[in-house]
Amino acid sequence: MNMNNPAQKILIVTAVAAERDAVLRGLGNTDTFEVIFAGVGPAAAASGTARTLAGGSYKLVISAGIGGGFAGVAEIESLVIANRIIAADLGSETRDGFLSVDELGFGSSVISSPAEQVRQLTAALQAAGLPAVTGPILTVSTTTGTRESAEVLLSRVPGAAAEGMEGFGAAQAAADAGLPALEIRAISNRVGPRDRDAWKIPQALQKLEAACSILTEVFT
Ligand SMILES: O=C(O)c1cccc(C(=O)CC[C@H]2O[C@@H](n3cnc4c(=O)[nH]cnc43)[C@H](O)[C@@H]2O)c1
């Protein structure tokens, strides 16, 4: 990865247009970044990321959007930067518990983000008055809706910070293209019992926009 190559762009992948628009508002006018929305879920994220990467020259992929925060780690309206992007439900259920694809010998459910880029981004956010939590961000295909499910996920990934539905898909497509990936989530809700009325999506989109306003100083 040559982050100093101005000829290569950074691809930011969101799920929906509202997230893309928030990212674009934050970025302002830039030639370094290309922003797409690829759809909800890991398959859509992987497909949209791979299709876009195939048509250009890129040096980094960033999965960005709103997400759920784990209690005591990432509160609503906070920011989370992934140090690891984890497909938390990729594996097999057994009578003795969950076996990940790693444990099954079928591949990896964990993609680590480049530590130096995570450090630079987190430091820049801190300096901008936008402190971010760094920790594992889980990718699931079903938004967690009960305390029990949240506890199961935490037993699989102790210290998990946030949950989304696209990060691992985008990161896997990036890895297949030989590229590193980051994931940024602005927390709209708590991971746990479903309480739709408690979601703060507009506020999370505003925080996502603010976070993206510092990306050009970090990555160009
Ligand atoms: O259950 C509902 O009524 C409901 C209403 C609005 C949105 C949803 C979603 O499932 C949004 C999924 C979408 O947003 C990201 N996201 C946001 N919070 C979470 C979460 O707690 N767990 C997983 N994904 C979340 C996700 O990346 C999707 O793009 C449901």
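Use the structure listed above.
Reading the values: the criteria
Per-chain numbering applies: the sequence of each chain, read as written, is numbered from 1 onward. Under the rules for a predicted model, residues below a pLDDT of 70 receive no local features and side-chain atom pairs below 80 are neither given nor counted, while totals for whole chains, interfaces and linings still include all residues. Only hydrogens and water are removed before side-chain values are computed, so all heavy atoms of the structure are retained for them. A 1.4 Å probe that fits into a set of points on a 1 Å grid over the protein atoms alone but cannot get out defines a cavity; an open set with protein on both sides within 12 Å along at least five of seven lines defines a pocket, and lining residues are those with an atom within 4 Å of a point. Grid points are joined across faces, edges and corners, and a volume is the space filled by probe spheres set on the points. Per the convention used, a helix needs a DSSP run of H or I reaching at least four residues, while a strand needs a run of E reaching at least two, with both numbered from the N terminus. Classification used: nonpolar for Ala, Val, Leu, Ile, Met, Phe, Trp, Tyr, Cys and Pro, charged for Asp, Glu, Lys and Arg, polar for all others including Gly. Note on definitions: salt bridges are taken to be side-chain nitrogens of Lys or Arg within 4 Å of carboxyl oxygens of Asp or Glu. A 1.4 Å probe rolled over the protein chains alone gives each residue an accessible area, and that area as a share of the maximum for its type sets the label: buried under 20%, exposed over 50%, partly exposed in between. Helix axes are fitted to C-alpha atoms over the stretch in contact, other axes to C-alpha atoms as well, and angles between N-to-C directions run from 0 to 180 degrees. By definition, turning the near helix anticlockwise from the far helix through less than a right angle yields a left-handed crossing, and turning it clockwise yields a right-handed one. A contact between two residues is defined here by any heavy atoms of the two lying within 4.5 Å. For Phe, Tyr and Trp, rings pair up if their centres lie within 6.5 Å, where Trp contributes its six-membered ring, and each pair is then called stacked (planes under 30 degrees apart), edge-to-face (over 60) or tilted (otherwise). In this analysis the charged atom, NZ for Lys or CZ for Arg, is taken to sit over a ring once it is within 6 Å of the ring centre and within 35 degrees of the ring normal. Two strands make a pair as long as DSSP finds a minimum of two bridges between them. Think of it like this: strands point away, you trace from the first strand over the helix to the second, and a clockwise trace means the crossover is right-handed. Any residue with a heavy atom positioned within 4 Å of a molecule or strand is treated as near that molecule or strand. Polar contacts here mean pairs of N or O atoms no more than 3.5 Å apart (in protein, one a potential hydrogen donor and the other a potential acceptor; neighbouring residues in sequence count only if both atoms are side-chain atoms). Values of accessible area rely on a 1.4 Å probe in the Shrake-Rupley scheme; residue burial ignores everything except the protein chains shown. Cavity and pocket membership follows a simple rule, namely that a molecule belongs there if more than half of its atoms are within 2 Å of the grid points.

With respect to the layout of surface pockets
Of the volumes computed, that of the largest pocket is approximately 250 Å³. Every residue lining the largest pocket is counted, 16 residues in all, and those nearest its centre are Ile66, Thr143, Met165, Glu166 and Trp199. Those elements giving two or more residues to the lining of the largest pocket turn out to be β3 (58-69), β9 (162-164) and β10 (181-190). For the lining of the largest pocket, a count of residues per class yields 6 nonpolar, 6 polar and 4 charged.

Some thoughts on the pattern of salt bridges
Here the structure, examined in full by the defined rule, presents 10 salt bridges. Taking the shortest distance from any N to any O, the salt bridge between glutamate 166 and arginine 185 comes out at 3.3 Å. With a gap of 19 residues between them, glutamate 166 in the loop between β9 and α6 (167-176) and arginine 185 in strand β10 connect regions that are remote in the sequence. You'll find glutamate 166 and arginine 185 in the same group, each marked buried. Residues glutamate 183 and arginine 185 are paired through a salt bridge, measuring 2.8 Å at the closest nitrogen-oxygen approach. Assessed through its relative accessible area of 1%, arginine 185 is described here as buried. Each member of the salt-bridge network shares a partner with another, and the members are Arg147, Glu148 and Glu151.

Considerations on the packing of helix α1 (residues 17-27) against helix α7 (residues 201-212)
Running from N to C, α1 and α7 point in directions that differ by 40 degrees, and their axes come no closer than 7 Å. Where α1 crosses over α7, the handedness of that crossing is right-handed. Each of Ala18, Glu19, Ala22, Val23, Arg25, Gly26 and Leu27 in α1 lies in contact with α7, whose residues at this interface are Leu205, Leu208, Glu209 and Cys212. Grouping the amino acids of the contact of α1 with α7 by side-chain chemistry returns 7 nonpolar, 1 polar and 3 charged.

Remarks on the packing of aromatic side chains
Inspection of every chain in the model, using the stated rule, returns 0 aromatic pairs. Of note, arginine 156 hangs over the ring of phenylalanine 98, and the distance from its end group to the ring centre comes to 3.7 Å.

Some thoughts on the pairing of strand β1 (residues 9-14)
Most of β1 is tucked away: 5 of the 6 residues are buried. Bridge count between β1 and β3: 5 bridges; the pairing is parallel. Looking at the pairing, valine 13 lines up with serine 63 of β3. Of the strand pairs in this sheet, β1 and strand β2 (residues 33-37) are connected by 5 bridges, and their pairing is parallel. If you follow isoleucine 10 over to β2, its bridge partner there is phenylalanine 33. In this fold, β1 hands off to α1, which returns the chain to β2; that crossover is right-handed.

Some thoughts on the site of the ligand
Around the ligand, the surrounding shell holds 15 residues, and the nearest of these are Glu163, Glu166, Asn189, Arg194 and Arg196. Glycine 68 places a main-chain nitrogen or oxygen 3.4 Å from a nitrogen atom of the ligand. In this structure, an oxygen atom belonging to the ligand sits 2.5 Å away from a side-chain N or O atom of arginine 194. In the complex, 81% of the free accessible area of the ligand, which totals 600 Å², lies under the protein chains. Here the ligand occupies the largest pocket.

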